[in-house]
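# Topology and contacts: notes
One letter stands for each residue in the lines below.
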Amino acid sequence: MNDFPLPEAFTARLQSQLTHPEELLHALDEEAGTSIRLHPVKQSRAQVLPTGDKVPWNALGRYLSERPKFSLDPSYHAGLYYPMEASSMFLAHVLAQIELVEDALLLDLCAAPGGKSLILKDAYPDHLLVSNEIDAKRVHVLKENAIRWGTENHVIIQSDAARLQKADLAFDLILVDAPCSGEGLFRKDQKSRTEWTAEKAAGCAIRQADILNDVLPLLAEGGWLIYSTCTFNPDENVQQVNRLIEEFELESVPIVIDPTWGIETLENGRGYQFWPHRVAGEGFFISLLRKSGESEQEELPIGKVKNELFPHLPFFDLSDQIIQKWEQYFVAFSKQEMGVIKALSGCGNIIKKGLPLGEFKGKDFLPAHELSTNVLALHFPNQLALTEAETLDYLRGNALMRTSSQGSVLLTSNGLGLGFGKSNGGRINNLLPKHLRIF
């Protein structure tokens, strides 16, 4: 018997949603699976890849036969993969059907822990993404995941939709993966069943409506809105979409799906529901909408900008970047990123901006950790491959007794950058930031 039975009000509601609700109820008492999504570039450079069946709707998704301890896997720290629930990877399939204008701006409004932001960056690597998270703790988790992945042209801010309106920015694509009652994760997090009530679910629907009302002024003419949740509740799902269509005159855009995937199409394509007894994944809902009109992104003003002289990493092509000093670091920005950061000034706490390149410690220039997990790192001239034991030592913050050319050295595992060290020839001092070390 399950230690955390399903709430009676929840099971009663399912009677009106499903012809055979007992199939879902049975599935929710089964063990949840584990899945990951591979990095689209790093997967081709890694020496060993995780093995598993492919996720049907995402070519980079893999089902694992068992759940590893990710914190002890160097490939996780190097950003080879991101642990992510399989159903939510469907976002990439939706994005493949969207064509964005040149210089489009993207917003992930409720972004932590970051898996969907990584999908957005992989789908549109040349477009600028603003990832927002209102929670002060979760926004730092979001930043750490973005650093492992090696994202660029990516701003992370702690704010909310109402405050972001002050920036006077128009986003061509907005993702709202809204806070919800979490029914779709009752199998993955069974203790959450004890926290569910019909009243809390109703409260979530009200909060979601408020979030959508606040974010719609940020949507550009002709812009795309993707709305998703991890619940089964119609009031939080398709009813939110119906309200957007009726009150804001947004257009519902059908998503092309393979019928063998088992995804349910709701109300002629106004939404798509993932049921754990029909798909190889947890509960998930997603809808694609579009605002009428045509978007025309104007170049954002950046004012007078001094491009810092930066001869310290000549093996990296930074010719199209603006180099600035931010606190003690040299940081590379795109011109569009500079404009967005200026516009966001005063709208919240900017947690990540630009690509940190490094800093001076005394007379020595030390490369920033963010470079080690970026695909640029493969051009770093002084590299050293670590054994499995050395890798874990490094992740724990220990110095390594290895012979190497003096100076900064990129330490690699499984063919991927893991972090930097500073070598004196026979010993490598650990430069991994303390908050990223394992204990």
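Going by the structure above, here's the rest.
In this text the structure is predicted, and so the values were computed from the model without any measurement.

Each helix and strand in the protein was counted, giving 12 helices and 22 strands. Here the C-alpha atoms of the protein give a radius of gyration of 23 Å, agreeing with the 22 Å that 2.2 N^0.38 yields for 439 residues. Across its three principal directions, the C-alpha atoms of the protein cover 70 × 55 × 35 Å. Every one of the 439 residues in the protein was classed for burial, and the buried ones make up 56%.

Here 4 strands make up an open sheet; going across it, the order is β19-β20-β21-β22 and the pairing mixed. Two strands lie at the open edges of the sheet, namely β19 (383-385) and β22 (428-430), each paired on one side alone. Here the average twist between neighbouring strands, direction ignored, is 45°. In this structure, β19 lies alongside strand β20 (residues 407-413), joined through 3 bridges in parallel fashion. Among the inter-strand pairings, Gln-383 is bridged to a residue of β20, identified as Leu-410.

What follows is about the packing of helix α1 (residues 8-17) against helix α2 (residues 21-28). At a closest axis distance of 9 Å, the pairing of α1 and α2 adopts a crossing angle of 140°. Classed by the angle they form, the pair α1 and α2 counts as oblique. For the pair formed by α1 and α2, the contact residues are Phe-10, Thr-11, Leu-14 and Gln-15 on the first element and Pro-21, Leu-24, Leu-25 and Leu-28 on the second. Residues of the contact of α1 with α2, tallied by class, amount to 6 nonpolar, 2 polar and no charged.

Summed over the entire model, instances satisfying the criterion amount to 21 aromatic pairs. Geometrically, the ring pair formed by Phe-10 and Phe-186 is edge-to-face, given 5.1 Å between the ring centres and 80° between the ring planes. Of the two residues, Phe-10 is situated in helix α1 and Phe-186 in the loop between β8 (171-177) and α8 (198-215); the sequence distance between them amounts to 176 residues. Owing to a relative accessible area of 0%, Phe-10 belongs among the buried residues under this scheme. Centre to centre, the rings of Phe-310 and Phe-330 are 5.2 Å apart; their planes meet at 50°, and the pair counts as tilted. With Phe-310 in the loop between β13 (284-290) and β14 (322-326) and Phe-330 in strand β15 (residues 329-333), this residue pair connects regions lying 20 residues apart in the sequence.

About the criteria used
- Residues numbered from 1 in each chain as written.
- Predicted model: local features only at pLDDT ≥ 70, side-chain atom pairs only at ≥ 80, totals over all residues.
- Heavy atoms only, no water.
- Helix = DSSP H or I, 4+ residues; strand = E, 2+ residues; numbered from the N terminus.
- Rg over C-alpha atoms; globule rule 2.2 N^0.38 Å.
- Buried < 20%, exposed > 50% of the residue type's maximum accessible area, 1.4 Å probe, protein only.
- Pairing = 2+ DSSP bridges.
- Axes fitted to C-alpha atoms, helices over the stretch in contact; angles between N-to-C directions.
- Parallel < 35°, antiparallel > 145°, perpendicular 65-115°, else oblique.
- Contact = heavy atoms within 4.5 Å.
- Nonpolar A, V, L, I, M, F, W, Y, C, P; charged D, E, K, R; others polar.
- Phe/Tyr/Trp six-rings, centres within 6.5 Å; stacked < 30°, edge-to-face > 60°.

The values are spatial; any link to function lies outside them.
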